[in-house]
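Here's the letter readout for the chains.
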Amino acid sequence: MRRRRLLPLALAFGVVLAVLAAGPAAAASYRYWSFWDGAGGTWAYATVGPSMARPADGSVQGFRFAVSKDAAAEAARPRAAADFTAVCGATPAAEGRKRVALVIDFGLPEDAPQGEPAPQAQPRTACAQVTPEATAAEALAAVAKPLRYNSAALLCGVSGFPKQGCGEPLPDTPPATPQPEAEADTDNGGPSAGLLAGMAAVAALAAAGIWQSRRRTR
């Protein structure tokens, strides 16, 4: 009989754990160079790294340094347009070479490491003329040396910026302005009002289950 009485409570506890686990997970922020493909004049997060990508003649490739979430949808895009003509229009085609338009965005001042300002405030553009089999990394090296990589071939620095660091996770910064009390629990990782209401409902169901179990044993 004791097992029957504990069963509804155990089930309710399991539901509460599931609800808590389903809460939004905090995504980490990273300071890093992201790599973008400008096909069709629109920036899209590249699916491979610059050392693996082999852009065709007429391609546009972008690089952006910023503090971004670890998700393509939340990464900061280059601030200049993905426009091949605007970058390479004045560079004539050459036999045995391909032209790759590059947009190099050193990011905003607040994204730069402390004590190391970005080389320039606005994005830099350059038209790289490289061999047909050259990768995006080789095209970048042709116009923006020195480059810096880590042991995993992750791009860490462009034109010497930044001098140190390579995509380390950054601690989340608390909001500067105080939040309303009703929202503060959610922002600080506490349960929201909806979650508390759900937990109360689960507790009520558990109590009802125990009461019903006791009635059946009488």
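As the structure is a prediction and not an experimental result, all values here were calculated from the model.

Asks: What is the right way to look at the layout of surface pockets in this model?
Replies: The computed volume of the second largest pocket comes to approximately 250 Å³. Along the walls of the second largest pocket sit 14 residues, with W33, F35, G49, P50 and L154 positioned nearest its centre. With four residues, strand 1 (residues 29-37) is the single largest residue contributor to the lining of the second largest pocket. Residues that form the lining of the second largest pocket fall into these classes: 11 nonpolar, three polar and no charged.

Asks: Is there a simple way to think about the environment of K69 in this case?
Replies: Mapped onto the fold, K69 is located in strand 3 (residues 59-69). Look at K69 and you get partly exposed, because its relative accessible area is 26%.

Asks: How do you make sense of the side chain of Q61 when you look at a structure like this?
Replies: Structurally, Q61 is set in strand 3. In this structure the side chain of Q61 is engaged in a polar contact, spanning 3.3 Å, whose partner is the side chain of D37. The contacts of Q61, once residues within four sequence positions are left out, are F35, W36, D37, G38, W43, A53, P55, V100, A101, L102, V103 and A136.

What counts as what
Residues numbered from 1 in each chain as written. Predicted model: local features only at pLDDT ≥ 70, side-chain atom pairs only at ≥ 80, totals over all residues. Heavy atoms only, no water. 1 Å grid on protein atoms, 1.4 Å probe; cavity = no way out; pocket = protein on both sides within 12 Å on 5 of 7 lines; lining within 4 Å. Points joined across faces, edges and corners; volume = space filled by probe spheres on them. Helix = DSSP H or I, 4+ residues; strand = E, 2+ residues; numbered from the N terminus. Nonpolar A, V, L, I, M, F, W, Y, C, P; charged D, E, K, R; others polar. Buried < 20%, exposed > 50% of the residue type's maximum accessible area, 1.4 Å probe, protein only. Polar contact = N/O pair within 3.5 Å; in protein donor to acceptor, adjacent residues only side chain to side chain. Contact = heavy atoms within 4.5 Å.

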